[in-house]
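Summary of the model geometry
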Amino acid sequence: MSDSTPSTNDILAKIRAQKAAAAGTAPAAETPAESATPAPPEAPTAPAAAPAGTADILASIRSKAGAAPAAAPAAKAPAAAAKPAAAPGGTADILASIRGGGAPAAAKPAAAPGGTSDILASIRGGGAQAAAAKPAAATAAPAKPAADPGATAGMSPAEMIRAARSAAGGAGKTAPAVALPSKPLAGRVTAAAADVPRRSVLSTVISALCTPIVLAWTSFAATTAASTLALARFMMPNVLVEPPTKFKIGPPTDYAPGTVSTKWQAQFNIWVVNNTVDGVSCIYALSTVCTHLGCTPNWLEGEQKFKCPCHGSGFYKSGINFEGPAPRPLERVGLRLSEDGMLEVDKSIKFQRELGQWANPSSFVGVG
Ligand code: FES
């Protein structure tokens with residue numbers, strides 16, 4: 001392709017020069033195209049009187065097209081022989097005849113220009129032979145017409161535009177596939193650069209995940225231990241811790257005659273009394289349980305009586321009831337003088353006066 005696009009005047013001048021040269025030198029049977037359009041009678045005079053304008057050129061073409069059927073051999077241009085009846089009358093017909101006539105039928109389909117611009121471009125590019133040779137070159141490298149200046153040499157503008165469009169379309173399809181990998185690669189590089197912070201984040205996450213697991217296992221272990229202890233306690237017998245029923249309360253001299261000792265009330269629930277009952281001076285131990293409903297009476301030293309705070313029952317120093325709802329006297333517990341001279345109490349034995357049990361020697365220790 002030439003560096004500068006020839007103008008329409010240049011093209012017309014070139015056509016005029018070609019027509020003039022063909023009229024003067026070219027024989028009628030050199031090429032099929034020329035044989036299909038034999039030199040008109042006015043061709044010899046063309047060099048001397050070249051067409052002055054586009055109208056002259058078109059008129060010349062029309063006259064050639066009209067004369068071609070009569071002069072063309074029937075064996076050389078069978079395709080052109082079918083067109084004499086339709087002599088071009090207008091510019092459109094002339095262009096149509098250029099598109100369809102002159103060139104060999106085998107070369108037309110690929111090289112036939114599609115529009116006026118294509119026809120002009122083919123004329124600028126050097127004729128039908130160049131147009132027939134270009135498609136092969138254009139299809140040989142369809143993907144890089146715009147990128148390879150050498151591949152566009154000899155191509156018409158329309159072909160160059162078509163090749164550029166196909167290349168742009170192909171580039172539009174393949175560009176994402178080429179451009180996309182660069183971003184993930186950059187992301188990988190960034191992630192590799194931030195490897196240390198990522199490790200710290202992972203360690204933090206792992207620690208956060210492990211903490212609940214440790215707490216869960218700790219809770220499970222504590223629950224299991226508590227359950228085991230509870231089961232062991234359940235398997236053991238329940239033991240009621242009570243004070244012994246037999247115990248020593250000291251020598252008889254610790255209890256003066258006519259006195260009531262409350263020393264063992266809190267510890268053993270007994271009063272120790274040194275008194276004379278039924279003419280017998282003795283020491284005995286009274287239970288602190290009221291015979292009404294089981295409350296604990298209080299010893300009133302000033303009144304010399306046991307007074308129950310619940311319902312007001314009163315008992316003498318001897319333990320005999322005299323007021324209130326108590327139905328019977330207080331009970332005595334077993335008492336004896338042990339081998340070591342100590343008074344020994346046995347709470348497992350009860351003595352009731354209404355039953356005549358206070359006369360039992362095991363219910364008192366005689367003194368004096
Ligand atoms: Fe002692 Fe009722 S319990 S008087």
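Criteria and thresholds
Residues numbered from 1 in each chain as written. Predicted model: local features only at pLDDT ≥ 70, side-chain atom pairs only at ≥ 80, totals over all residues. Heavy atoms only, no water. Helix = DSSP H or I, 4+ residues; strand = E, 2+ residues; numbered from the N terminus. Buried < 20%, exposed > 50% of the residue type's maximum accessible area, 1.4 Å probe, protein only. Contact = heavy atoms within 4.5 Å. Areas by Shrake-Rupley, 256 points an atom, 1.4 Å probe, with all protein chains shown as cover. Phe/Tyr/Trp six-rings, centres within 6.5 Å; stacked < 30°, edge-to-face > 60°. Lys NZ or Arg CZ within 6 Å of the ring centre and 35° of its normal. Disulfide = S-S within 2.5 Å. Pairing = 2+ DSSP bridges. Salt bridge = Lys/Arg side-chain N within 4 Å of Asp/Glu carboxyl O. Polar contact = N/O pair within 3.5 Å; in protein donor to acceptor, adjacent residues only side chain to side chain. pLDDT = per-residue confidence, 0-100. Core = buried A, V, L, I, M, F, W, Y, C linked by side-chain atoms within 4.5 Å.

Remarks on the overall build of the chain
The helix and strand inventory of the chain stands at 12 helices and 11 strands. Looking at the chain residue by residue over its 368 residues, the buried ones come to 26%. For the chain, contacts bridging at least 24 residues in sequence account for 48% of all contacts bridging at least 6. For the chain, the exposed surface amounts to about 22000 Å²; the carbon and sulfur share of it is 65%.

Some remarks on the packing of aromatic side chains
All told, the structure shown has 6 aromatic pairs when counted by the stated rule. Each ring, one from W217 and one from F220, has its centre 5.8 Å from the other, and the planes form 90 degrees; the classification is edge-to-face. Here the residue W217 and the residue F220 both occupy positions in helix 11 (residues 195-235), the gap between them amounting to 3 residues, near one helical turn. Here the two residues W217 and F220 agree in accessibility, since each one is exposed. When the ring centre of Y284 is taken as reference, the NZ or CZ atom of R332 above it lies at 4.2 Å.

A look at the state of the cysteines
Scanning all chains against the criterion turns up 1 disulfide. Residue pairing for C295: its cysteine sulfur links by disulfide to C310, the two sulfurs lying 1.9 Å apart. Linking C295 and C310, the disulfide has an S-S dihedral of approximately -100 degrees and is accordingly described as left-handed. A residue pair is termed long-range when its members are at least 10 positions apart, and C295 in the loop between strand 4 (280-287) and strand 5 (298-300) and C310 in the loop between strand 6 (305-307) and strand 7 (314-315) qualify at 15 residues.

Observations concerning the sheet that holds strand 6
Read across the sheet, 4 strands follow the order 5-6-7-8 without closing on themselves; strand pairing throughout is antiparallel. A single partner strand is all that each edge strand has here, and the edge strands are strand 5 and strand 8 (321-323). Strand direction decides the pairing type here: strand 6 and strand 7, joined by 2 bridges, are antiparallel. Paired with F306 across the bridge in strand 7 is F315.

Notes on the pattern of salt bridges
According to the stated counting rule, one finds 8 salt bridges in the structure shown. E354 serves as the salt-bridge partner of R328, at 3.5 Å between the closest nitrogen and oxygen. Taken together, the positions of R328 in the loop between strand 8 and strand 9 (332-337) and E354 in the loop between strand 10 (343-351) and strand 11 (365-366) put the pair 26 residues apart, joining distant regions of the chain. For R328, a relative accessible area of 24% translates into the label partly exposed. Judged by relative accessible area, which is 40%, E354 ranks as partly exposed. Within this structure, E303, K305, K307 and E323 form a network of salt bridges that share partners.

Comments concerning the environment of N238
Tracing the backbone through its elements, the reader meets N238 in the loop between helix 11 and strand 1 (246-248). Within polar-contact distance, the side chain of N238 engages the side chain of R233 at 3.2 Å.

Structural notes on the pairing of strand 3 (residues 270-277)
Among the 8 residues of strand 3, 7 are classified as buried, and the element is accordingly described as predominantly covered. With 3 bridges joining them, strand 2 (residues 259-261) and strand 3 adopt antiparallel strand pairing. If you follow T259 over to strand 3, its bridge partner there is N274. Here strand 3 pairs with strand 4 via 8 bridges, running antiparallel. Bridging across to strand 4, N274 finds its partner in I283. In this antiparallel pair of consecutive strands, strand 3 and strand 4, the connection spans 2 residues, and D278 shows a positive phi of 55 degrees.

A look at the confidence of the model for the chain
Per-residue pLDDT for the chain averages 71, and the proportion of residues at 70 or more is 54%. Here residues 101-113 is modelled with pLDDT under 50, and outside its nearest four sequence neighbours on either side it reaches 16 contacts, counting other chains as well.

Quick word on the nonpolar core
One finds V260, W271, Y284, L286, F306 and F315 to be the most contacted residues of the largest nonpolar core, which totals 15 residues. The set of elements that each furnish at least two residues to this core consists of strand 3 and strand 4. Filtering out sequence-adjacent residues up to four positions away, L286 remains in contact with N269, I270, W271, V273, F306, K317, S318, G319, E331 and R332. Counting 14 residues, the second-largest nonpolar core is a separate cluster that includes I249, A285, L343 and V365.

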